[in-house]
Amino acid sequence: MTSIAKASLVVAGTLAALAIGGIVFIGSGIYNIGADDHHTKIVLALIEQLRERSIAVRARATDVPNLDDPTRIVAGAKHYAALCVGCHLAPGVTKSDIRPGLYPHPPNLAQEDTRDAQRAFWTVKHGIKMSAMPAWGKTLDDAAIWDVVAFVRQMPAMTPETYQQLSKGHSG
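Bear in mind that the values here come from a model prediction, so they are computed numbers and not experimental data.

Cut-offs applied
Residues numbered from 1 in each chain as written. Predicted model: local features only at pLDDT ≥ 70, side-chain atom pairs only at ≥ 80, totals over all residues. Heavy atoms only, no water. Helix = DSSP H or I, 4+ residues; strand = E, 2+ residues; numbered from the N terminus. Rg over C-alpha atoms; globule rule 2.2 N^0.38 Å. Buried < 20%, exposed > 50% of the residue type's maximum accessible area, 1.4 Å probe, protein only. Areas by Shrake-Rupley, 256 points an atom, 1.4 Å probe, with all protein chains shown as cover. Contact = heavy atoms within 4.5 Å. Salt bridge = Lys/Arg side-chain N within 4 Å of Asp/Glu carboxyl O.

## With respect to the overall build of the chain
Working step 1: Assigned secondary structure in the chain consists of seven helices and zero strands.
Working step 2: When the helices and strands of the chain are placed in sequence order, the string is α-α-α-α-α-α-α.
Working step 3: By the compact-globule yardstick of 16 Å for 172 residues, the chain is too spread out, its C-alpha radius of gyration being 21 Å.
Working step 4: For the chain, the spread of C-alpha atoms along the principal axes amounts to about 75 × 35 × 25 Å.
Working step 5: Buried positions account for 31% of the 172 residues belonging to the chain.
Working step 6: Total accessible area on the chain stands at roughly 11100 Å², and carbon and sulfur atoms take up 62% of it.

See the structure below:
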């Protein structure tokens, strides 16, 4: 038997063993998928890397409109107050009833750097699987999603009073 044939058998055997091991692991139900039990470090690292690369690849082709339009920011504040504040908080909104039960924990967008508008748009439009982040593109058109992105980009520098004024008291 040639060395290439031996190496091929070793590779095929290894892949078969990994596949069987994966099937046994998944079928056993040993991994707790409950939101109240955190992922292991390696699983979390793999999920985070997958999420980051997936969004980066898909978001980069998105054309960004003018996000400095005050009308767009006000419209985004209203959408945010109605749809987002319960999970992502806001200036002056430091907790919500739903947030403690979410895993992974959603980012506090009042404190996040959201300058990457393409990434923010893609995330709002398409959501994130198994994270409770919905695909708002199913209910909001692209213009409304850009309004939310315009608003979210302004939030870290916003006072609670400004947030309340922009959102007209619609938040948590």
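Moving on from the model shown.
## Digging into the environment of Pro106
Working step 1: The topology assignment puts Pro106 in the loop between helix 4 (85-88) and helix 5 (117-126).
Working step 2: A residue is classified by how much of its surface remains accessible, and Pro106, at 12% relative accessible area, is buried.
Working step 3: A C-alpha to C-alpha distance of 6.0 Å links Pro106 and His88, two positions 18 residues apart in sequence.
Working step 4: Beyond its immediate stretch of four places on either side in the chain, Pro106 contacts Cys87, His88 and Arg99.

## Points about the pattern of salt bridges
Side chains bearing opposite charge may pair, as long as their charged atoms lie close to each other.
Working step 1: Taken as a whole and assessed by the stated rule, the structure comprises five salt bridges.
Working step 2: Salt-bridge contacts for Arg51 lead to Glu52; the nearest nitrogen and oxygen are separated by 2.9 Å.
Working step 3: We classify Arg51 as partly exposed; its relative accessible area is 28%.
Working step 4: The class for Glu52 is partly exposed, based on a relative accessible area of 31%.
Working step 5: Across the salt bridge formed by Asp142 and Lys125, the nearest N and O atoms sit 2.8 Å from each other. Remark: Lys125 occurs in helix 5 and Asp142 occurs in helix 6 (residues 142-154); sequence separation between them is 17 residues.
Working step 6: The exposure class assigned to Asp142 is partly exposed, which follows from its relative accessible area of 35%.
Working step 7: Here the salt bridges do not stand alone but share partners, grouping Arg51, Glu52 and Arg119 into one network.

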